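# Structural features, examined
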Amino acid sequence: MRPFILRRGVVALLAAAVSFGVVLEAQADALRIGYQKYGTLVLLKARGTLEKRLAEQGVDVQWTEFPGGPQLLEGLNVGSIDFGVTGETPPVFAQAAGADLLYVAYEPPAPTSEAILVPKDSPIKSVKDLKGKKVVLNKGSNVHYLLVRALEDAGLKYSDIQTIFLPPADARAAFERGSADAWVIWDPYQAAAEQQLQARTLRDASGIADNHQFYLATKPYAEQHPKVIEALIEEVRDVGEWAKANPEEVTRQVAPILGLPVDITRTAVQRQGYGAQFLTPDVVSAQQKIADSFYQLKLIPKPLVVKDVIWTPPATVAKAN
């Protein structure tokens, strides 16, 4: 009887292994990308070249829009997407929360595409004047670090201000009705507020934050499907190079997607960084500084080691880039 039971157990294990293999194969049949309403991935989605390229590998591309980086990385964390793009800060909060993610690539700095804004008639003239004031922002977004650095640079503590955490649309409403004294925001919301509300730029990220955009993937997907990730980054880089050379065409293409006038869209397009690259030691070091800052402020619960979550592309890919 025991040999029979043993054989039956082996058969069950083999069946489970086959089933597991089928699951992995099914996962490889799709690449689920999270994107925001603005940025290079919007251009890539509209172009359609990624879908054609990955179809040759039997991979179906699926797109999901998110209102901001923190929400996108929550989607990555719970497994609803495999890949996405955010600013500098969301990956720090996600890593601190235990998300199984890897940094894959980054875009060049774009320090003028995020800023601290105040109403046009506000008596606030400098960052120092924010002491005791209400500042609205999307918690854990790229502008969260801009606010931290701007306050430090002005000799203020993070605790010297009152933070209000709202997503962009709600934050703009609070800003317009006077419920917040300042709004820390990124493009294209920034460009829209500057032109539609005549909001004044109190401080952008120039000299205090790089404002990199990072491409991230779940660790299992990046490790199991490096060829898909390689193709994706190549396509992102190609569309970025095209965008740099054709800002007016990008503006015409993106304006209706954003639902914004051409002049506002053009401003945002011109301030964006284009040209995705795999991470360098300097970029990793800058990201580590952000993580250390948030830990020191007790905004994340533990110290992080950013280099532990950097994807290493295959040697042939790394050499080519």
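Computed from a predicted model, the values in this text were never measured in an experiment.

## Notes on the packing of helix α2 (residues 40-47) against helix α10 (residues 226-245)
Put simply, α2 and α10 touch, their axes get as near as 9 Å, and they point 100° apart. The orientation of α2 relative to α10 falls into the category roughly perpendicular. Of the residues in α10, those touching α2 at T40, L41, L43, L44 and R47 are L232, E235, V236, D238, V239, G240, W242 and A243. Of the residues assigned to the contact of α2 with α10, the class counts are eight nonpolar, two polar and three charged.

## Regarding the sheet that holds strand β10 (residues 214-218)
Strand order in the open sheet formed by six strands is β2-β1-β3-β10-β4-β11, with mixed pairing between adjacent strands. Pairing within the sheet leaves two strands with one partner each, and these edge strands are β2 (60-65) and β11 (277-278). As paired strands, strand β3 (residues 83-86) and β10 are joined by four bridges and run antiparallel to one another. Residue pairing for β10: V85 is matched across the bridge by Y215.

## Details of the pairing of strand β5 (residues 114-118)
Every regular strand shows the same layout, with side chains that alternate between the two sheet faces. Counting buried residues in β5 gives five out of five residues, a clear majority hidden from the surface. Along β5, one buried face is formed by E114, I116 and V118 and the opposite face, lined by A115 and L117, is buried too. Of the pairings in the sheet, the one linking β5 to strand β9 (residues 200-204) comprises four bridges and is antiparallel in character. Pairing of L117 across the sheet is with T201, part of β9.

## Regarding the sheet that holds β9
Judged by pairing direction, the sheet is mixed, and its five strands sit side by side in the order β7-β6-β8-β5-β9 without closing on themselves. Two strands close off the open sheet at either side, each with one partner strand: β7 (162-165) and β9. If you compare each strand with its neighbour and ignore which way they point, the axes differ by 30° on average. As paired elements, β5 and strand β8 (residues 182-186) share four bridges and run antiparallel to each other. Bridge pairing links L117 to W183 in β8. Seen against the sheet, helix α6 (residues 142-153) touches β5, β6 (134-137), β7, β8 and β9 and runs at an angle of roughly 70° to β5. Lying on the sheet, helix α7 (residues 168-176) is in contact with β5, β6 and β8; it crosses β8 at an angle near 150°.

Calculation notes
Residues numbered from 1 in each chain as written. Predicted model: local features only at pLDDT ≥ 70, side-chain atom pairs only at ≥ 80, totals over all residues. Heavy atoms only, no water. Axes fitted to C-alpha atoms, helices over the stretch in contact; angles between N-to-C directions. Helix = DSSP H or I, 4+ residues; strand = E, 2+ residues; numbered from the N terminus. Parallel < 35°, antiparallel > 145°, perpendicular 65-115°, else oblique. Contact = heavy atoms within 4.5 Å. Nonpolar A, V, L, I, M, F, W, Y, C, P; charged D, E, K, R; others polar. Pairing = 2+ DSSP bridges. Buried < 20%, exposed > 50% of the residue type's maximum accessible area, 1.4 Å probe, protein only.

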